[in-house]
Amino acid sequence: MTTTSAPPAAAPVHQRVAELAATHIGPWQEGYLNDRSQAVAALARLRRGAGREAGETPDLWNLIDTDALHTPAAGTRALGEQELVRAENALHAALTLWAFHQQSRGTPMHRRHTRERPGGLGAAVRRLMPADGIDEPVRKRLVRAGTAPDLVSLTQRLRDIVVLLRREDIPLDYALLAGQLYCWQWPDGPAAVRRRWGRSFHEQRRPRPDENTTLDTDKDAL
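Residues numbered from 1 in each chain as written. Predicted model: local features only at pLDDT ≥ 70, side-chain atom pairs only at ≥ 80, totals over all residues. Heavy atoms only, no water.

Enquirer: Help me understand the overall build of the chain in this model?
Expert: When you go through the chain residue by residue, the secondary structure sums to nine helices and zero strands. The buried share among the 222 residues of the chain stands at 46%. Contacts in the chain between residues far apart in sequence, at least 24 positions, make up 75% of those at least 6 positions apart. (Helix = DSSP H or I, 4+ residues; strand = E, 2+ residues; numbered from the N terminus. Buried < 20%, exposed > 50% of the residue type's maximum accessible area, 1.4 Å probe, protein only. Contact = heavy atoms within 4.5 Å.)

Enquirer: What exactly am I supposed to notice about unusual backbone geometry here?
Expert: The phi torsion of most residues other than glycine is negative, and most of the peptide bonds are trans. At Ser104, a residue that is not glycine, the phi angle is positive and equals roughly 65°. Within the secondary structure, Ser104 sits in the loop between helix H4 (81-102) and helix H5 (121-126). For Asp169, which is not glycine, the phi dihedral falls at a positive 55°. Residue placement: Asp169 occurs in the loop between helix H7 (151-167) and helix H8 (174-184).

Enquirer: Got a minute to help me understand the confidence of the model for the chain in this structure?
Expert: One rule of thumb: low pLDDT means the predicted coordinates there are not for detailed reading. Per-chain confidence: the chain averages 85 in pLDDT, with 86% of residues scoring 70 or above. Taken element by element, the predicted model of the chain shows its lowest mean pLDDT in helix H3 (residues 67-70) (86) and its highest in H8 (97). Every residue in residues 206-220 is under pLDDT 50, and counting partners more than four places away or in other chains gives 22 contacts. (pLDDT = per-residue confidence, 0-100.)

Enquirer: Hey, could you run me through the packing of H7 against H8 in this one?
Expert: The packing of two helices is summarised by the inter-axis angle and the distance between the axes. For the pair H7 and H8, interaxial distance at closest approach is 11 Å and the crossing angle is 150°. By the angle between their axes, H7 is roughly antiparallel relative to H8. Crossing of H7 over H8 shows right-handed handedness. Contacts between H7 and H8 pair Leu151, Leu154, Leu158 and Val162 from the former with Tyr174, Leu177, Leu181 and Trp184 from the latter. Within the contact of H7 with H8, the residues separate by chemical class into eight nonpolar, no polar and no charged. (Axes fitted to C-alpha atoms, helices over the stretch in contact; angles between N-to-C directions. Parallel < 35°, antiparallel > 145°, perpendicular 65-115°, else oblique. Left-handed = near helix turned anticlockwise from the far one by under 90°. Nonpolar A, V, L, I, M, F, W, Y, C, P; charged D, E, K, R; others polar.)

Enquirer: Would you take a moment to explain the side chain of His101 for this structure?
Expert: Relative to the helices and strands, His101 resides in helix H4. At 3.0 Å, the side chain of His101 forms a polar contact with the backbone oxygen of Ile170. Ignoring any residue separated from it by four or fewer positions in sequence, one finds His101 in contact with Met109, Val162, Leu165, Arg166, Ile170, Pro171, Leu172 and Tyr174. (Polar contact = N/O pair within 3.5 Å; in protein donor to acceptor, adjacent residues only side chain to side chain.)

Enquirer: Would you take a moment to explain helix H9 (residues 189-203) for this structure?
Expert: Three or four residues apart is the spacing at which side chains of an α-helix point the same way, because the helix has 3.6 residues per turn. Spanning 15 residues, H9 covers 21 Å between terminal C-alpha atoms, matching the ideal 21 Å at 1.5 Å per step. For H9, the complete set of buried residues consists of Gly189, Val193, Arg196, Trp197, Ser200 and Phe201. Projected down its long axis, H9 shows its buried positions confined to an angular sector of 145°, all on one face. Projecting away from the buried face of H9 at angles above 90 degrees are the exposed residues Arg195 and His202. Buried residues in H9 make contact with H5, helix H6 (136-146), H7 and H8. (Expected span 1.5 Å × (residues − 1). Arc of directions from axis to C-beta.)

Enquirer: Please explain the packing of helix H1 (residues 13-33) against H8 as it appears in this structure.
Expert: Look at H1 against H8: their axes get within 7 Å of each other, and the N-to-C directions meet at 145°. Helix-helix and strand crossings are classified by hand; for H1 and H8 the assignment is right-handed. Contact with H1, carried on its side by Val13, His14, Val17, Ala18, Ala21, Ala22 and Ile25, involves Tyr174, Ala175, Ala178, Gly179, Tyr182 and Cys183 of H8 and no other residues of that element. Its residues placed into classes, the contact of H1 with H8 shows 11 nonpolar, two polar and no charged.

Structural data, given as structure tokens:
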């Protein structure tokens, strides 16, 4: 009997945004850490867009390639106009925040999330705190970010958190963040993302795992 396989399930849009963010950051980060002039120049351009709307920074339009969102690959569908706008906004916000975070740092500030080494925003904020307690002003920065009224405000509040992470050389999974910023723009999205950040905050375990250990990526994290 001949059987036909079902067509592949289309990846959720937030996952496509996350994967595209990782595709962009990977070569830029490697190039920057190896002092390649093209990557250094790209980060300088990206940093100028941090905390601003995507449409306000035309200099980045030819730098952040969003063709993968406009041209569906096999097994994926074409995105609608609202989906495209929100995906592009999320990608812009995540990439510019990463560039600001990576500036003058000699180690990767984008690191993929794993269950053993949580890389979500909440986990990163938790690492800013002492092992035996909660730094309430820092925790309130995370809460304030979660209650932002719009994406621009959220990006600006995240930038304030990134300042602290950068100072302590604490990395973040910017691909995961890009997917979350996409979800955040939809009805009920802010509440869902806040819950994910809260869980991420509590899943950061101490003492910290060996930073040099190679582990599998948790691709299911929102």
